[in-house]
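Letter by letter, the chains look like this.
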Amino acid sequence: MARNLILSGGVFHDFAATSAALAEVLAEVGVESEITEDIAGALAEPPEVQLITVNALRWRMTQDRFADLREEWRFELPAEARTAVLDHLDRGGGLLCMHAASICFDDWQGWPRVLGGCWTWPKSHHPPLGWTSVRVHGGHPVVDGLRDFDVVDEVYSDLDVLPDVRPLASANGQPLVWARPVRRGRVLYDALGHDTRSYDNEIHRTLLRRAALWLLKRPVTVGE
């Protein structure tokens, strides 16, 4: 069974619930997950796992609108944690990044190059949480054969996305899911997952199960 470390926690989301839901989905393809909110501690040295998942909202919170929250939630990623992530990828490990991962670790200039894009204040934004139609694009084992689907979620919009990123799914013309090789490993970003309703959608669940297999460099055999 593959081991997965889920880095969780932060504001404006029920990360305890979504991380648990994600762990349940991944268990269906033989991935055993450990969930922690101690991101710095968990990455003090490279963890002995095959998969690292970022399902968190941890950043410096320098924007004026978050002044009342800064002391409790302000976060900077230590240098050894950055090294642990890169070492994990150098060893061929997988990195699954969910939803607010594009906002995380804004003190690390290299994070957008790892992820493939990032949230940029004040340009990036999202419409209110609600029903959205997700268009699935082909040409990759994570999404081949999957139908378009409707889900209650947030559509992150106007992210700064690297030119080489090819969306595997989109909504309202915004890229939502992409996958890419990084160093010797693989990275997949899924901008969906605001709350557990996103993880109740069977097509989204299938996409995530496939994503885990692809990140682990295993045959992607999960049907729709």
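Source: prediction; values computed, not measured.

### Brief notes about the pairing of strand β4 (residues 94-98)
(1) Moving on: Along β4, five of the five residues are buried, which leaves the element largely enclosed by surrounding structure.
(2) Moving on: Side-chain alternation along β4 places Gly94, Leu96 and Met98 on one buried face and Leu95 and Cys97 on a second face that is also buried.
(3) Moving on: Of the strand pairs in this sheet, strand β3 (residues 51-57) and β4 are connected by four bridges, and their pairing is parallel. Counterpart to Ile52 in the pairing with β4 is Leu95.
(4) Moving on: In this structure, β4 lies alongside strand β11 (residues 185-190), joined through five bridges in parallel fashion.

### Some remarks on the UniProt feature "domain: ThuA-like" (unreviewed entry) in the chain
(1) Moving on: Summarizing the sequence annotation, UniProt attributes the feature "domain: ThuA-like" (unreviewed entry) to residues 5-214 in the numbering used throughout.
(2) Moving on: End-to-end, the C-alpha atoms of residues 5-214 are 17 Å apart, and along that stretch the chain is 27% helix and 28% strand.

### Observations concerning the nonpolar core
(1) Moving on: Counting 79 residues, the largest nonpolar core has Leu43, Val54, Leu95, Phe105, Trp111 and Tyr189 as its most contacted members.
(2) Moving on: If one sorts the elements of this core by residue count, helix α7 (residues 202-215) sits on top with eight residues.
(3) Moving on: Beyond its immediate chain neighbours, meaning those up to four positions away, Trp111 contacts Val54, Leu95, Cys97, Ala101, Cys104 and Phe105.

### Topic: the pairing of strand β6 (residues 130-136)
(1) Moving on: As defined by bridge partners, β6 adjoins strand β7 (residues 149-153) across five bridges and the pair is classed as antiparallel. Within the sheet, the bridge partner assigned to Thr132 lies in β7 and is Val151.
(2) Moving on: Bridging between β6 and strand β9 (residues 169-171) involves two bridges; their strand directions are antiparallel. The residue bridging Arg135 from the neighbouring strand is Ser170, located in β9.

### Details of the sheet that holds β9
(1) Moving on: Taken in spatial order, the nine strands of this open sheet run β2-β1-β3-β4-β11-β10-β9-β6-β7, and their pairing is mixed. At either end of the open sheet lies a strand with only one pairing partner, and these are β2 (31-36) and β7. For this sheet, the mean inter-axis angle between neighbouring strands, taken without regard to orientation, is 25 degrees.
(2) Moving on: Docked against the sheet, α7 engages β2, β3, β4, β7, β10 (174-182) and β11, running at close to 165 degrees with respect to β11.

### Comments concerning the side chain of Arg58
(1) Moving on: Topologically, Arg58 is positioned in the loop between β3 and α3 (70-73).
(2) Moving on: An unpaired buried charge is present at Arg58: no salt bridge exists, and Glu37, the closest side chain of opposite charge, is 6.1 Å distant.
(3) Moving on: For Arg58, the residues in contact, after removing those within four places along its chain, are Gly9, Gly10, Glu37, Ile39, Trp73, Arg74, Phe75, Cys104 and Phe105.

Rules behind the numbers
Residues numbered from 1 in each chain as written. Predicted model: local features only at pLDDT ≥ 70, side-chain atom pairs only at ≥ 80, totals over all residues. Heavy atoms only, no water. Buried < 20%, exposed > 50% of the residue type's maximum accessible area, 1.4 Å probe, protein only. Helix = DSSP H or I, 4+ residues; strand = E, 2+ residues; numbered from the N terminus. Pairing = 2+ DSSP bridges. UniProt positions renumbered as here; feature names shortened; annotations may be inferred. Core = buried A, V, L, I, M, F, W, Y, C linked by side-chain atoms within 4.5 Å. Contact = heavy atoms within 4.5 Å. Axes fitted to C-alpha atoms, helices over the stretch in contact; angles between N-to-C directions. Lys, Arg positive; Asp, Glu negative; His and termini not counted. Salt bridge = Lys/Arg side-chain N within 4 Å of Asp/Glu carboxyl O.

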